[in-house]
Amino acid sequence: MTRYIVVVGGVISGVGKGVASASMGRMLKEHGFSVTAVKIDPYINCDAGTLRPTEHGEVWVTDDGGETDQDLGNYERFLDISIPKANNITTGQIYRAVIEAERRGEFLGETVQFIPHITNEIQRRIEKASEGYDISIVEIGGTVGDFENIPFLFAAKSLEHKYGRENVAYILVTYLPIPSHIDEMKTKPTQLSAKLLLENGIQPDFILCRGKRALDDVRKRKIEVYSNLSPGSVISMPDAVGEGTANTIYVIPLDLEKEEFAERLMKRLGLEDKRKPDWNAWRGAVERITSPERETKIAIVGKYLDIGDYKLADSYISINEALKHSGSACNARVKLGWVDSKDLEKNGSDPRKVLAGYDGIIIPGGFGSTGVEGKINAIRYCRENNIPFLGLCYGLQLAVVEYSRNVCGLDGANTTEIEPNARHKVIDILPEQRSVSNKGATMRLGAYKAMLKEGTKVRGLYGGAAEVSERHRHRYEVNPEYHSRLLEKGLLFSGMSPDGKLVEFIELPESGHKFFVATQAHPEFKSSLMRPAPLFRGFVESCLKE
Ligand code: GLN
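Conventions we followed
- Residues numbered from 1 in each chain as written.
- Predicted model: local features only at pLDDT ≥ 70, side-chain atom pairs only at ≥ 80, totals over all residues.
- Heavy atoms only, no water.
- Salt bridge = Lys/Arg side-chain N within 4 Å of Asp/Glu carboxyl O.
- Buried < 20%, exposed > 50% of the residue type's maximum accessible area, 1.4 Å probe, protein only.
- Helix = DSSP H or I, 4+ residues; strand = E, 2+ residues; numbered from the N terminus.
- Pairing = 2+ DSSP bridges.
- Axes fitted to C-alpha atoms, helices over the stretch in contact; angles between N-to-C directions.
- Contact = heavy atoms within 4.5 Å.
- Patch = residues over 30% accessible without salt bridge, like charges linked within 9 Å, V, L, I, M, F, W, Y side chains within 5 Å.
- Areas by Shrake-Rupley, 256 points an atom, 1.4 Å probe, with all protein chains shown as cover.
- Parallel < 35°, antiparallel > 145°, perpendicular 65-115°, else oblique.
- Left-handed = near helix turned anticlockwise from the far one by under 90°.
- Nonpolar A, V, L, I, M, F, W, Y, C, P; charged D, E, K, R; others polar.
- Phe/Tyr/Trp six-rings, centres within 6.5 Å; stacked < 30°, edge-to-face > 60°.
- Lys NZ or Arg CZ within 6 Å of the ring centre and 35° of its normal.

(A) Highlighting the pattern of salt bridges. All told, the structure shown has 44 salt bridges when counted by the stated rule. For Asp 273, the salt bridge identified is with Lys 276, shortest N-O distance 2.8 Å. Note on Asp 273: relative accessible area 26%, which makes it partly exposed. Given the relative accessible area of 66%, Lys 276 is considered exposed. With its nearest N and O atoms 2.8 Å apart, the salt bridge here joins Arg 383 to Glu 402. Pair noted here: Arg 383 is in helix α14 (residues 372-385) and Glu 402 is in helix α15 (residues 394-406), with a separation of 19 residues, a long-range link. Comparing Arg 383 with Glu 402, the two get one shared label, buried.

(B) Structural context of the sheet that holds strand β18 (residues 444-452). Strands sit in the order β13-β10-β14-β15-β23-β22-β21-β18-β19 across an open sheet of nine strands; the sheet is mixed. Looking at which strands have only one partner, the edges of the open sheet turn out to be β13 (332-340) and β19 (467-474). The mean inter-strand angle of the sheet, taken between neighbouring strand axes irrespective of direction, is 25°. Across eight bridges, β18 lies against β19 in antiparallel orientation. Across the sheet, residue Leu 445 finds its bridge partner in β19, namely Arg 473. Along the sheet face, α15 touches β14 (360-363), β15 (389-392), β19, β22 (503-507) and β23 (516-519) and points at about 115° away from the line of β15.

(C) Structural detail: the environment of His 161. Its place among the elements puts His 161 in helix α6 (residues 150-163). Residue His 161 is classed as exposed on the basis of its relative accessible area of 62%. His 161 sits 31 residues away from Ser 130 along the chain, and the two C-alpha atoms are 17 Å apart.

(D) Just unusual backbone geometry, in detail. Put simply, Ile 115 and Pro 116 share a cis peptide bond, and its omega is 10°. By secondary structure assignment, the location of Pro 116 is in helix α5 (residues 114-130). Within the chain, Val 11 stands out as a residue other than glycine whose phi angle is a positive 75°. Locating Val 11 in the fold gives a position in the loop between β1 (3-9) and α1 (17-30). Not every positive phi belongs to a glycine, and Asp 183 is a case in point at roughly 50°. Relative to the helices and strands, Asp 183 is located in the loop between β7 (168-176) and α7 (188-199).

(E) Up close: a nonpolar patch on the surface. Side chains of Tyr 95, Ile 99, Phe 114, Ile 115, Phe 147, Ile 150 and Phe 154 sit close together on the surface and give an oily, nonpolar patch of about 690 Å² of accessible area. Locating Phe 154 in the fold gives a position in helix α6. Residue class for Phe 154 comes out partly exposed when judged on its relative accessible area of 36%.

(F) View of the sheet that holds strand β8 (residues 206-211). In spatial order, the strands read β5-β2-β6-β1-β7-β8-β9; together these seven strands make up an open sheet with parallel pairing. The open sheet is flanked by β5 (88-90) and β9 (234-238), the only strands paired with a single partner. Put simply, the sheet's adjacent strands are angled 20° from each other on average, direction ignored. Sheet strands in contact with helix α3 (residues 71-79) are β2 (35-41), β5 and β6 (135-140), and its direction is about 170° off that of β2.

(G) Spatial organisation of the pairing of β22. Within β22, five of the five residues are buried, which leaves the element mostly enclosed by the surrounding structure. Pairing of strand β21 (residues 492-496) with β22 involves four bridges; the strand directions are antiparallel. Note on β22: the bridge partner recorded for Leu 492 is Glu 507. The turn linking β21 back onto β22 is made up of six residues, and Gly 500 within it adopts a positive phi angle of 75°. Sheet topology note: the β22/β23 ladder contains three bridges and is antiparallel. Across the sheet, the residue bridging to Ile 506 is Ala 518, located in β23.

(H) Geometry of the packing of α14 against α15. Where α14 meets α15, the closest approach of the two axes is 9 Å, and the angle between their N-to-C directions is 70°. The angle between the axes of α14 and α15 places the two elements in the roughly perpendicular class. Considering only the axes of α14 and α15, their crossing is right-handed. Mapping the contact onto sequence places Val 372, Glu 373, Lys 375, Ile 376, Ile 379, Arg 380 and Arg 383 in α14 and Tyr 394, Gly 395, Leu 398, Ala 399, Val 401, Glu 402, Tyr 403, Arg 405 and Asn 406 in α15. For the contact of α14 with α15, the class distribution of residues is eight nonpolar, two polar and six charged.

(I) Representation of the packing of aromatic side chains. On inspection of all chains with the given rule, the structure shows 10 aromatic pairs. Seen in terms of ring centroids, Phe 389 and Phe 516 are 4.6 Å apart; in terms of plane orientation they differ by 35°. Their pairing is tilted. Here the residue Phe 389 occupies a position in strand β15, and Phe 516 occupies one in strand β23, the gap between them amounting to 127 residues. The exposure class assigned to Phe 516 is buried, which follows from its relative accessible area of 2%. Plain terms: the ring middles of Tyr 462 and Phe 505 are 5.9 Å apart, the flat faces sit at 75° to each other, and that makes the pair edge-to-face. On the criterion of sequence distance, the pair formed by Tyr 462 in the loop between α16 (457-461) and β19 and Phe 505 in strand β22 is long-range, its members being 43 residues apart. For the pair Tyr 462 and Phe 505, one class covers both residues: buried. One residue, Lys 297, lies across the ring of Tyr 358, its end atom 5.0 Å from the ring centre. In this structure, Arg 444 is placed above the aromatic ring of Tyr 448, and the distance from its NZ or CZ to the ring centre is 4.0 Å.

Written out as structure tokens, the structure reads:
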């Protein structure tokens, strides 16, 4: 039967529950268990597709076309499995399902209530997503004490009633601040979080203590005593990124292993090792991140928004991670520069200056007109100066706009997304998207196949595969009416949809450019430390070449 590990957060949001859950999952996987993970988001949106990435972080896309919370990305990158959209549960989905069932008459004669109808639906979804796995990690978003968390905590308790206390473990992830005026790590917020959890009927089995530094033994004991925990239940999980650290989240499963967390957790759930863990490959990949032999500088030319005084770089987290995976595979540190595309479209701005010092440029996915001309300027600079370029989704579309304008001589070429009456509509809405009016979950979403052309760079990077599958999230495409003009002028369509209609990959011939590749897909969503995305790997390798 499936064992459940319920992860809740305390003290502050953004404490790293997702990475903690993912790391725990990897750790248990190395001990031979099949592991999945479920993310619960207490917001009313039915999915993350309608949230603003610059506020909420990136929208993750699953193989089965879900637009989900980015934590599913963490889970996939650590667990190396494809996680379906059903593993991201939101309050919106729950209420929608219950209300629709009520309208269908499924509860005729009943008063439909928060308990048990809402909590039953939550439990049903958790069970369904966990089916067939030895262990399911259920991460409840937000922080204990949030009003909106309550139904999910209640549902977790119901799991315990159904399957027995021995088959459900609770983990509280907290943060231990070190106020600068006293320079001492404070345990009180953690103690209070444990108390709050207990008010919901949940006694944590383990407390994972996040903080700038490792937790000392004195404080471990203090938290154990206060929270009524047995010795060994408080686990230190210091920052893995920042000054004086390994500077990579991928070190965390190794750190947790050092704390003998796997043994303790397995013991708590009545499990024994299915195999002895072999961390060699993982450790090797981590070491190539912490002490690589080479280095390259890459810029992501994107849209960045400040939230008050802070910038959220989370909107491109998967690209960032994909570059780390590829950097590790190439034994190289990838130094990332975040270049605001608006800086490349100001009057008189010179891409040679703004982009000086970068070995390669990525144009990520995006929507709308902000900074688009800046991105096009960056692409032109790459094409004309033999600078490695990787375009992702919007990046492909804008590369086609640039090529149309500056190589094919199509003045006024544009995407109809920002200029509906463009003179040359080289990027146009997909035919099946024309009638779409509802915005939620209606893009061309999820995994689609592409057929790769023999002899192309892209096919070579995918190990010679004739057919590949990558994830998508878009409404526009290269307008078929312009295919022949682009091809005549030397652009190579290295991959097309199986029906031959939609351009999935483009490149410039190797004779003319060392790396100019773009895709309508988002290969960053299928990159993991153990299996870097082929296009990213090829791109990083070419950035490393003199
Ligand atoms: N805005 C473009 C489209 O909808 C590109 C989307 C993206 O980059 N994900 O087609």
